[in-house]
Amino acid sequence: VFWLPAGLKRSDFSVLTSPLVLYPFDSSQMKPNEGQELENHTLLTEFVLSGLSSYPELQYLLFFTFCLIYTFTITGNLLIFLVTLHPSLHTPMYFFLRVLSFLDISTASIVVPKMLVNFQSEDRKISYVGCATQLYFVIFLGATECYILAAMAYDRYMAICHPLRYAIIMNRRASLFLVLLSYCSGNVVSMVQTAWVFTLPFCGPAKINYFFCDIPPLLMLSCTDTSLYEKQIFTATVLVIFTPFYLILVSYACIVSSILKISSAEGRCKTFSTCSSHLLVVTLYYGSGTLIYLRPKSSNSQDTKKVLSLMYTAIIPTLNPLIYSLRNKEVKAAISRILTDLRKI
């Protein structure tokens, strides 16, 4: 027997005690207001990568295309790495080029093999830990490469603007210090970014509209307000991309000023040719990274961001060996000497 307050009928009480029906949350239809956070969210233990294309008839073509690209990436960068070990190329410039080749091989190996497997499989799942690990290495290698490209610009500045002091300042210890500083900086950036992303609550469906785990698509799965995180991403982009890029611009402004002081046109052309390869790589790499991370939840379509991501994870690592070998006479001469030695064996 229940005592009911005055004015409350039994029919009203039955409504209060009726079973509570829970409807699944659809993150694509509802987002919390600014400053609010969903208390009840699905605890995800794995994600699903949608891949490059949703068209089944393109999967085999994409598989063979990127399998070929990955083969060229590994072969070309290994060749550059081995060629620059030649005694005639023991200078800081080629030491940085070896490091760049190692970073390109690592970046492609983190992303492309998983993408190739997904082309041939319907099960495109990636574990929560696996996704976090992939994101960490993608950011770590990408940030490190940004700093290495800035170190290469500084090396060209010292070689052209201060040739008499170049051998003293850019010695082996200084080159190694710049590489270690780049690696440490990239590690710190990656640890902070990865930890921050994976403290966000993620709501179902757990499908990542991308071909690898990256910040922009993961933010789209979050069931909380991410405006604060987007501001943090903007700050990180400035530190990782714009700060090194500004140093590169300053270095090349000084380089151009020194080149213009050279009296002969042949001398100016020869001096600038040593920098043109690096400038091309910087433009491609920094340009694609800026368009992706400057506005991680911008109105740009996911297909556009996929293409830009392909630039720095698959295409640029393949182009770097071609850019630096085809436009560098010393590298081509070293390759010729190595091939000649192999023929004699």
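Quantities reported herein were computed from a predicted structural model and do not represent experimental measurements.

The rules we used
- Residues numbered from 1 in each chain as written.
- Predicted model: local features only at pLDDT ≥ 70, side-chain atom pairs only at ≥ 80, totals over all residues.
- Heavy atoms only, no water.
- Helix = DSSP H or I, 4+ residues; strand = E, 2+ residues; numbered from the N terminus.
- Buried < 20%, exposed > 50% of the residue type's maximum accessible area, 1.4 Å probe, protein only.
- Contact = heavy atoms within 4.5 Å.
- Areas by Shrake-Rupley, 256 points an atom, 1.4 Å probe, with all protein chains shown as cover.
- UniProt positions renumbered as here; feature names shortened; annotations may be inferred.
- Expected span 1.5 Å × (residues − 1).
- Bend = angle between axes of the 7 residues up to and from the residue.
- Disulfide = S-S within 2.5 Å.
- Salt bridge = Lys/Arg side-chain N within 4 Å of Asp/Glu carboxyl O.
- Pairing = 2+ DSSP bridges.
- Core = buried A, V, L, I, M, F, W, Y, C linked by side-chain atoms within 4.5 Å.
- Phe/Tyr/Trp six-rings, centres within 6.5 Å; stacked < 30°, edge-to-face > 60°.
- Axes fitted to C-alpha atoms, helices over the stretch in contact; angles between N-to-C directions.
- Parallel < 35°, antiparallel > 145°, perpendicular 65-115°, else oblique.
- Left-handed = near helix turned anticlockwise from the far one by under 90°.
- Nonpolar A, V, L, I, M, F, W, Y, C, P; charged D, E, K, R; others polar.

Q: Tell me what's going on with the overall build of the protein chain, and back it up with residues and numbers.
A: Within the protein chain one finds eleven helices and three strands. Starting at the N terminus and walking to the C terminus, you meet the elements of the protein chain as α-β-α-α-β-α-α-α-β-α-α-α-α-α. By residue count, 46% of the 345 residues in the protein chain fall in the buried class. In the protein chain, the share of contacts with a sequence separation of at least 24, taken over all contacts with a separation of at least 6, comes to 80%. For the protein chain, the accessible area works out to roughly 19100 Å², and carbon and sulfur atoms hold 67% of it.

Q: Describe the UniProt feature "transmembrane region" (unreviewed entry) in the protein chain, with residues and values.
A: In the numbering used here, UniProt assigns the "transmembrane region" (unreviewed entry) feature to residues 60–83, 95–115, 135–154, 175–198, 233–260, 272–295 and 307–326. Annotated as residues 60–83, this span is 100% helix and 0% strand, and its ends, taken at the C-alpha atoms, are 34 Å apart.

Q: Please set out the side chain of Asp 155 residue by residue, giving values where relevant.
A: Examined against the element boundaries, Asp 155 turns out to sit in helix H4 (residues 128–161). The class of Asp 155 is buried, set by a relative accessible area of 1%.

Q: Summarise helix H3 (residues 92–119); cite the residues concerned and give the values.
A: In a regular helix each residue adds 1.5 Å, so 28 residues correspond to 40 Å; H3 covers 40 Å between its end C-alpha atoms and thus fits that length. The sharpest bend along H3 reaches about 35° and sits at Ser 109, with the proline Pro 113 one to four residues further on. Buried residues dominate H3, accounting for 22 of its 28 residues.

Q: Give me the state of the cysteines: which residues, what numbers.
A: Throughout the structure, instances matching the rule amount to one disulfide. Each sulfur of the disulfide joining Cys 131 and Cys 213 lies 2.0 Å from the other. The disulfide joining Cys 131 to Cys 213 has a torsion of about -125° about its S-S bond and is therefore left-handed. One end of the pair, Cys 131, is in helix H4; the other, Cys 213, is in the loop between strand E3 (207–208) and helix H7 (215–221), and 82 residues separate them in sequence. Residue class for Cys 131 comes out buried when judged on its relative accessible area of 0%.

Q: So what about the pattern of salt bridges? Which residues, and what values?
A: If you walk through the whole model with that rule in mind, you get two salt bridges. Arg 156 is the partner of Asp 155 in a salt bridge, and the nearest nitrogen-oxygen pair spans 3.0 Å.

Q: Give me the lowdown on the pairing of strand E1 (residues 46–49), citing residues and values where you can.
A: Going residue by residue along E1, you find Phe 47 and Leu 49 tucked away on one face and Glu 46 and Val 48 left uncovered on the opposite face. Bridge count for E1 against strand E2 (residues 125–127) is three bridges, and the pairing is antiparallel. Residue pairing across strands places Glu 46 opposite Ser 127, the latter belonging to E2.

Q: Explain the sheet that holds E3 to me, using residue names and the numbers behind them.
A: Across the sheet, three strands lie side by side as E2-E1-E3; this open sheet has mixed pairing. Edge positions in the sheet fall to E2 and E3, since each of these pairs with one other strand and no more. Bridge count for E1 against E3 is two bridges, and the pairing is parallel. If you follow Val 48 over to E3, its bridge partner there is Lys 207.

Q: Now, about the nonpolar core: what can you tell me, with residues and values included?
A: Ranked by size, the top nonpolar core spans 89 residues in total, and within it Phe 47, Phe 66, Leu 149, Phe 198, Ile 208, Ile 215 and Leu 218 carry the most contacts. The element best represented in this core is H4, accounting for 20 residues. Leaving out residues up to four positions away in the same chain, Phe 198 has contacts with Phe 47, Tyr 128, Cys 131, Ala 132, Leu 135 and Leu 218.

Q: Outline the packing of aromatic side chains, supporting the account with residue identities and numerical values.
A: One pass over the full model with this rule turns up 17 aromatic pairs. Between Phe 63 and Phe 64 the ring centres are 5.4 Å apart and the planes differ by 80°, which places this aromatic pair in the edge-to-face class. Summarising the aromatic geometry, the rings of Phe 140 and Tyr 183 are spaced 5.9 Å apart at their centres and angled 55° between planes, so their arrangement reads as tilted. In this pair, Phe 140 is assigned in helix H4 and Tyr 183 in helix H6 (residues 172–197), connecting sequence segments 43 residues apart. Counting every residue linked through ring pairs, the aromatic cluster contains Phe 47, Tyr 128, Phe 198 and Phe 202.

Q: Run through the packing of H3 against H4, naming residues and quoting values.
A: In a packed pair of helices, the relevant descriptors are the angle between the two axes and the axis-to-axis distance. Where H3 contacts H4, the two axes come as close as 10 Å, and the packing angle between them is 160°. Overall, the two elements H3 and H4 adopt an arrangement that is roughly antiparallel. Relative to H4, H3 is oriented so that their crossing is left-handed. Residues Pro 92, Met 93, Phe 96, Val 99, Leu 100, Leu 103, Asp 104, Ser 106, Thr 107, Ile 110, Val 111 and Lys 114 of H3 pack against Gln 134, Phe 137, Val 138, Leu 141, Thr 144, Glu 145, Ile 148, Leu 149, Ala 151, Met 152, Asp 155 and Arg 156 of H4. Per-class residue counts for the contact of H3 with H4 are 15 nonpolar, four polar and five charged.

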